[in-house]
Amino acid sequence: MTASKHTIDRFRLDGRVCVVTGALGLLGREHCRALAGAGARVVVADLDEKGCEAFAAALSDELKMSEETGPVALGFDVTDPDSVDDALERCLDATMTVHALVNNAAINDMVENPEANAELSKFENYPLELWRRSMEVNVTGTFLCSQRFGKVMADQGRGSIVNIGSTYGVSGPDQSLYKRPDGSQKFYKTPAYPTTKGAVIQFTRYLAAYWGQAGVRVNTLTPGGVENDQPDHFQSMYGKRTPLGRMADRTEMAGALIWLCSDASSYVTGANICVDGGWTAW
Ligand SMILES: NC(=O)c1ccc[n+]([C@@H]2O[C@H](COP(=O)([O-])OP(=O)(O)OC[C@H]3O[C@@H](n4cnc5c(N)ncnc54)[C@H](O)[C@@H]3O)[C@@H](O)[C@H]2O)c1
């Protein structure tokens, strides 16, 4: 290992290729922006190829990147092995190699329209089909991308995989958080999401142990709830359950993500880094 004169240099990602799945989502876009800002060539990966192209172009303009170092767009479905294989091939055609993979794509079902799904969100009624879909995207998708993209890293003897977890993968949901101001409850956090995120944290440990000797580090980054125009009442309840007293800003995962993808975390593997305002400390 070459020791850098300045520790801060070890956070830089110049010349590194970092693949981000779920790149068009709330946090995915911030992950891409953070990694590109640290010098990485980011592979913007999500279901909608045209959307990936548009975001990659916008990011390139925003950060004034050249065609050789700027973001690459890759539309694929993380649950489909053929689609992942094809994406890897196209990625390598464009970037030659892969240094880091951020498994960020996930389904957090029923968050958008809880009122409409009130009855279905109860554990007793929760549909098997939704359970299976979350397992497919959140767990199988993480497995497939790690297996395919990670092999490139293992073959070259170096790489970093960051699996995006959730506080609900660490502690069980407090259902009273979802009570409305009048005390009624129209939405329950569903069982699939916390279960899949717990699986992601354990998968991280498995793979860190398996690929340690191959030079591939594997860690979980566990975000807390991110502010995204939730009702004031919800934000206030969330803040009261959080030592730092508030929800996360979408930009606040960036420091930990850059650290985990870079050589600055060269002796960190199998860890779960919680960026959750202390939510899991209580
Ligand atoms: N937002 C939060 O408050 C929060 C809190 C804790 C953890 N997280 C985690 O952070 C990550 C990102 O969350 P977010 O809020 O940005 O989610 P989001 O719903 O905004 O984005 C998820 C993205 O994943 C993509 N995706 C879904 N299925 C896919 C598939 N089969 N193949 C490829 N892409 C697919 C979607 O198209 C979407 O762009 C997730 O892993 C989530 O569990 C988020």
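Check the entry above for the structure.
Residues numbered from 1 in each chain as written. Predicted model: local features only at pLDDT ≥ 70, side-chain atom pairs only at ≥ 80, totals over all residues. Heavy atoms only, no water.

Regarding the overall build of the protein
Counting its secondary structure elements, the protein contains seven helices and seven strands. For the protein, the succession of helices and strands along the chain, N to C, is β-α-β-α-β-α-β-α-β-α-β-α-α-β. In terms of C-alpha radius of gyration, the protein reaches 19 Å, essentially the compact-globule figure of 19 Å for 282 residues. Its C-alpha atoms give the protein principal-axis dimensions of about 60 × 40 × 40 Å. Taking all 282 residues of the protein together, 49% fall into the buried category. Entry remark: accessible area of the protein is about 13500 Å², with carbon and sulfur atoms responsible for 53%. For the protein, the centre of its 27 positive side-chain charges and the centre of its 35 negative side-chain charges are spaced 6 Å apart. (Helix = DSSP H or I, 4+ residues; strand = E, 2+ residues; numbered from the N terminus. Rg over C-alpha atoms; globule rule 2.2 N^0.38 Å. Buried < 20%, exposed > 50% of the residue type's maximum accessible area, 1.4 Å probe, protein only. Areas by Shrake-Rupley, 256 points an atom, 1.4 Å probe, with all protein chains shown as cover. Lys, Arg positive; Asp, Glu negative; His and termini not counted. Charge placed at Lys NZ, Arg CZ, Asp CG, Glu CD.)

Brief notes about the site of the ligand
Near the ligand, the surroundings consist of 25 residues, among which Leu27, Asp46, Asp77, Tyr193 and Lys197 are the closest. One of the side-chain N or O atoms of tyrosine 193 is found 2.5 Å from an oxygen atom in the ligand. Separating an oxygen atom of the ligand from a backbone N or O atom of valine 226 is a distance of 2.9 Å. When the ligand sits alone it has 830 Å² of accessible area, and the protein chains cover 81% of it. Elements with a minimum of two residues in the shell around the ligand: helix H1 (26–37), helix H4 (128–156) and helix H5 (192–211). In terms of residue class, the shell around the ligand is built from 13 nonpolar, eight polar and four charged. (Near = heavy atom within 4 Å. Polar contact = N/O pair within 3.5 Å; in protein donor to acceptor, adjacent residues only side chain to side chain. Nonpolar A, V, L, I, M, F, W, Y, C, P; charged D, E, K, R; others polar.)

What about H1?
Look at H1: 17 Å from first C-alpha to last across 12 residues, which is about the 16 Å you get at 1.5 Å a residue. By the burial criterion, the buried members of H1 are Leu27, Gly28, Glu30, His31, Cys32, Ala34, Leu35 and Ala36. Phi turns positive one or two residues past the end of H1, at glycine 39, with a value near 110°. (Expected span 1.5 Å × (residues − 1).)

Some words on the nonpolar core
Of all hydrophobic cores here, the largest spans 35 residues; its most connected members are Cys32, Leu35, Val42, Val44, Leu221 and Cys261. The next biggest cluster of nonpolar side chains, apart from the first, holds 29 residues, and it includes Val17, Ala154, Ile161 and Trp211. (Core = buried A, V, L, I, M, F, W, Y, C linked by side-chain atoms within 4.5 Å.)

Remarks on the packing of H4 against H5
At a minimum axis distance of 9 Å, the contact between H4 and H5 shows a crossing angle of 20°. Taken together, H4 and H5 sit at an angle that is classed as roughly parallel. Regarding H4 and H5, the two cross each other, and that crossing is right-handed. Here Trp131, Ser134, Met135, Asn138, Val139, Thr142, Phe143, Ser146, Gln147, Gly150, Lys151 and Ala154 of H4 lie close against H5, whose contacting residues are Ala192, Tyr193, Thr195, Thr196, Lys197, Ala199, Val200, Phe203, Leu207 and Trp211. Considering only residue class, the contact of H4 with H5 consists of 12 nonpolar, eight polar and two charged. (Axes fitted to C-alpha atoms, helices over the stretch in contact; angles between N-to-C directions. Parallel < 35°, antiparallel > 145°, perpendicular 65-115°, else oblique. Left-handed = near helix turned anticlockwise from the far one by under 90°. Contact = heavy atoms within 4.5 Å.)

Quick notes on the sheet that holds strand E2 (residues 41–46)
The seven strands are arranged E3-E2-E1-E4-E5-E6-E7 in an open sheet whose pairing can be described as parallel. Both edges of this open sheet fall to strand E3 (72–75) and strand E7 (272–275), since each of them pairs with a single strand only. Averaged over all adjacent pairs, the angle separating strand axes in this sheet is 20°, with direction ignored. In this sheet, E7 lies alongside strand E6 (residues 216–223) in parallel orientation, the contact comprising four bridges. Across the sheet, residue leucine 221 finds its bridge partner in E7, namely isoleucine 273. (Pairing = 2+ DSSP bridges.)

Quick look at the packing of aromatic side chains
Scanning the entire structure with this criterion turns up nine aromatic pairs. Between the aromatic rings of tyrosine 178 and phenylalanine 187, the centroid separation amounts to 5.3 Å while the plane-to-plane angle is 85°, which identifies the pairing as edge-to-face. Of the residues examined, tyrosine 178 reaches a relative accessible area of 13% and is grouped as buried. Among the aromatic residues, ring-to-ring pairing joins Tyr168, Tyr178, Phe187, Phe234, Tyr238 and Trp279 into one connected group. (Phe/Tyr/Trp six-rings, centres within 6.5 Å; stacked < 30°, edge-to-face > 60°.)

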